[in-house]
Amino acid sequence: MIYNAQLIKQGAEAKVYLAPFCQRQAIIKERFTKAYRHPTLDKKLTSRRVVQEARCLSRCQRARIDTPTVYMVDTENYLIYMEYIEGCSVREYLVTPEGQTEAAQTKVAQDIGRALGLMHNIDVVHGDLTTSNLLMRNETGGSVVLIDFGLSYVSQLIEDKAVDLYVLERAFSSTHPNTEVMFEQILKAYGESGKASKQILKKLEDVRMRGRKRSMLG
Amino acid sequence: MIALGLEGSANKLGVGLIRHDMTTTPPTVTILANIRHTYHPPPGEGFLPKDTAQHHRSHILQLVKDAMAEGNITPKDISVICFTKGPGMGGPLTSVATVARTLALMWNKELVGVNHCVGHIEMGRQITGAENPVVLYVSGGNTQVIAYAEKRYRIFGEALDIAVGNCLDRFARVLNLPNDPAPGYNIEQLAKKGSKLLDLPYTVKGMDVSFSGVLTYIETNAPALLASGEYTAADLCFSLQETVFAMLVETTERAMAHIGSREVLIVGGVGCNKRLQEMMDQMASQRDGKVFATDERFCIDNGIMIAQAGILAYQTGYTTPLEKTWCTQRFRTDEVFVAWRE
C-alpha cells in the first residue's frame, strides 16, 4: 500500500512505517480501524485524532518546540507523513550506563521540563506523555524531541495540563522505579519555563489525590 | 484445607466454600458451595447502605447454613473464615464482618480479611486459568485496568469519577428499568434491540477514563430524544454501551501494548456483559491475544472469590488478628501485598 514501507512499530492505535518520501526517509503513521468499535464512532475518533495530531504537531513546530516536522496528511487513509528522527527514547536512555548517571539525568529532566513548559504555553496538551514518547535527537547530541501526539488536543484549561503532567508522573513511577528526584527536576524546569506553571503545579497536587481518595464500592 | 468466604460489600450477599487439596501441586481446587442473595430496591432507585445492611443481617445466617448443607460441611472441616475487609459500603461490610468474627470465635477459627478487588482477580485467574493477564475490573463501584508486577496488583488506569457500572445503573433509573436481576443486565438486553448510535462524549485521559460527562449528557437529553421519537430507549442503551465499552477496551488495549501482554481477564459485575466480552475479543484477536471471562456465578460479587483470595493468603501464613478485623470503605487494590504469586 505504501511504497517500500517497512513496519517499525505496532502500537495500540497505529502502525508506524519507515519509508522513502521525496528523497529522504520519513515516518508514516497509519491509524487502523478498530473492529470492536462501532463504525461511526470509530470513524469519528480516528479522523479526529489524525487531524488533531497533525495540527498539534505543526502548532508546536511554529512555536519552535522540537517535534517531528509534518510532511503530509492523508485524511482519507488516516496517514501522517512526518520527519524521521534518529535517536533513542528517554526510556531506553535511562537504562544505559550513561543514562544512570546523576548529571545525565539532571540534563534530560531539565530538557523535558522546559519542552513541556513551552508546549503548555501554546495550549497543546499531549495526552499520552510517557518516556517512550520522548526521543533524544542524535544530530544535536541528545536534545529532547516530543513525539506521538496521537491523543493530543488544544486546551487552555489548567486542569488538562495538570492531568498531562500526572500521566507522565505515573508513567515515570511505573516504568522507572526510584526516579522521583528526576521527576522533581522536571517539574522544577517546567515551573521556570511555563506561563501559568505555578497554577498548573498546584492543580497537579489536586489531581494526584483523585484516584487515591476515591471511595470504592461494588 | 477448606475456607468459608463471606461477601457483602454492596447489594449482593454471598457465601462460598472452597477446598484446596494440598496433597497435589498445584493444589486441586474444588468449589463446594457458592450461593448468593441479592437486595433489589424498587425500579428508579439505587440501594441505600442502611437498607442493604438490613438485608444482609436478615439473610446471612440462613445463607451460611445453606452453604454448609450444600457442601456437606461441618464447622470442624473449616480451616479459615474469610470476609471482605473493603472496599465497599460501610454498613453492609460491618454487618458481614460481625458474623465472620462471631463464627470464628464460636468455632475457634482463624480470620482473613480480604480486599474485594483482589478477590475478583484471584477468582478470575482460578476459573479461567489465565497466567498473567491484564485485568479489567469493571463493576458498579470500580473501574480499573490492573496488571501484576512485583508482588502487587498495580493500577494502570482507572475511572476518575464514577464507575462504569454506576453509569449504567443510573441510566437504568432514568429509563425506569427494573433492578432485578440487575439494572446493567436489563440495559444489556434492551441494547440488543437498538441500532441507532447517538453521538456521546468520549473521555479518555491517558490511561484513565471518565464516565460522569457521558452520564450527564445522556440523562439530560434522554427525555427529549425519547419524546420526539428520534431515538428509542433501546437506541440509547445501545449508544451508551457502545461508547463506554469502547473507552474501556481502548485503555485495556493500551495497557496490553505498554506491558507487552497478550492476555486480558475481565472481572466484576459488568464483566458478564456479553457485548463487552465480544468487543474485548475483537480487540484481542486483532493483536493475537486472548480474552478470559467468567459467567455471572463468578463475575458478580460472590462469597467464593473471598474464600479463594483468603485461602491463598492463609496458605502463605497470613491471618488477620481479631482486633484488626475492622472494615474500610477505601481499600486500594495496590495496597495488598501479594505473597502468593511469584
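Residues numbered from 1 in each chain as written. Chains lettered and ligands numbered in written order. Predicted model: local features only at pLDDT ≥ 70, side-chain atom pairs only at ≥ 80, totals over all residues. Heavy atoms only, no water.

**Notes on empty space enclosed by the protein**
Rolled over the atoms, a probe as big as a water molecule pinpoints where empty space is left. Under the counting rule described, the total for this entry stands at two cavities of 30 Å³ or more. Within this model, the largest cavity holds a volume of roughly 40 Å³. Lining the largest cavity are A:Glu13, A:Arg31, A:Phe32, A:Lys34, A:Arg37, A:Leu45, A:Thr46 and A:Arg49. A per-element tally of the lining of the largest cavity places helix α1 (residues 39–62) of chain A first, with three residues. Residue classes in the lining of the largest cavity are distributed as two nonpolar, one polar and five charged. The volume enclosed by the second largest cavity comes to roughly 40 Å³. When residues of the lining of the second largest cavity are traced back to their parent elements, those giving at least two are β7 (143–149), β8 (152–158) and α7 (233–259) of chain B. No other element matches the three residues that β7(B) contributes to the lining of the second largest cavity. (1 Å grid on protein atoms, 1.4 Å probe; cavity = no way out; pocket = protein on both sides within 12 Å on 5 of 7 lines; lining within 4 Å. Points joined across faces, edges and corners; volume = space filled by probe spheres on them. Helix = DSSP H or I, 4+ residues; strand = E, 2+ residues; numbered from the N terminus. Nonpolar A, V, L, I, M, F, W, Y, C, P; charged D, E, K, R; others polar.)

**Details of the domain arrangement of chain B**
Residues and elements named next belong to chain B. Taken as a whole, chain B is organised into domain 1 (2–121 + 301–335) and domain 2 (130–298). Once you take the C-alpha centre of each, domain 1 and domain 2 turn out to be 26 Å apart. Tallying the contact residues gives 21 residues for domain 1 and 23 residues for domain 2. Between domain 1 and domain 2, the buried area comes to about 1800 Å², and carbon and sulfur atoms account for 53% of it. There are two salt bridges connecting domain 1 and domain 2. Between Glu296 and Arg36 there is a salt bridge, with the nearest N and O atoms lying 3.1 Å from each other. Mapped onto the side of domain 1 that touches domain 2, the elements with two or more residues apiece are β3 (28–38) and α3 (116–128). At five residues, α3 tops the list of elements feeding residues into the side of domain 1 that touches domain 2. In terms of residue class, the side of domain 1 that touches domain 2 is made up of eight nonpolar, eight polar and five charged. (Domains from an automatic or database assignment. Contact = heavy atoms within 4.5 Å. Buried area = accessible area lost by both parts, 1.4 Å probe. Salt bridge = Lys/Arg side-chain N within 4 Å of Asp/Glu carboxyl O.)

**Digging into the packing of helix α6 (residues 212–227) of chain B against α7(B)**
All names here are of chain B. For the pair α6 and α7, the least separation of the axes is 11 Å and the interaxial angle reads 160°. Looking at the two axes, α6 sits roughly antiparallel to α7. Judged by the sense of rotation from one axis to the other, the crossing of α6 with α7 is right-handed. Mapping the contact onto sequence places Val214, Ile218, Ala222, Leu225 and Leu226 in α6 and Ala233, Leu236, Leu240 and Val244 in α7. Considered class by class, the residues forming the contact of α6 with α7 number nine nonpolar, no polar and no charged. (Axes fitted to C-alpha atoms, helices over the stretch in contact; angles between N-to-C directions. Parallel < 35°, antiparallel > 145°, perpendicular 65-115°, else oblique. Left-handed = near helix turned anticlockwise from the far one by under 90°.)

**Regarding the UniProt feature "binding site: a divalent metal cation" (unreviewed entry) in chain B**
All names here are of chain B. Under the present numbering, the feature "binding site: a divalent metal cation" (unreviewed entry) in UniProt falls on His116, His120, Tyr137 and Asp301. In sequence the annotated residues extend across 186 residues, while in space they remain close, none of their C-alpha pairs exceeding 11.8 Å. Looking only at the residues we just named, the second largest pocket is lined by Asp301. As for its position among the elements, His116 is in helix α3. A distance of 3.0 Å separates polar atoms of two side chains, one belonging to His116 and the other to Glu7. Residue classification places Asp301 among the buried positions, given a relative accessible area of 3%. (UniProt positions renumbered as here; feature names shortened; annotations may be inferred. Polar contact = N/O pair within 3.5 Å; in protein donor to acceptor, adjacent residues only side chain to side chain. Buried < 20%, exposed > 50% of the residue type's maximum accessible area, 1.4 Å probe, protein only.)

**Section: the sheet that holds strand β2 (residues 12–21) of chain B**
Residue and element names in this part refer to chain B. Reading across the sheet, the five strands line up as β3-β2-β1-β4-β5 and stay open at both edges, with mixed pairing between neighbours. Looking at which strands have only one partner, the edges of the open sheet turn out to be β3 and β5 (110–115). Averaged over all neighbouring strand pairs, the angle between strand axes comes to 20°, with direction disregarded. Relative to strand β4 (residues 80–86), strand β1 (residues 2–7) runs parallel, the two being bridged by four bridges. Note on β4: the bridge partner recorded for Leu4 is Ile81. (Pairing = 2+ DSSP bridges.)

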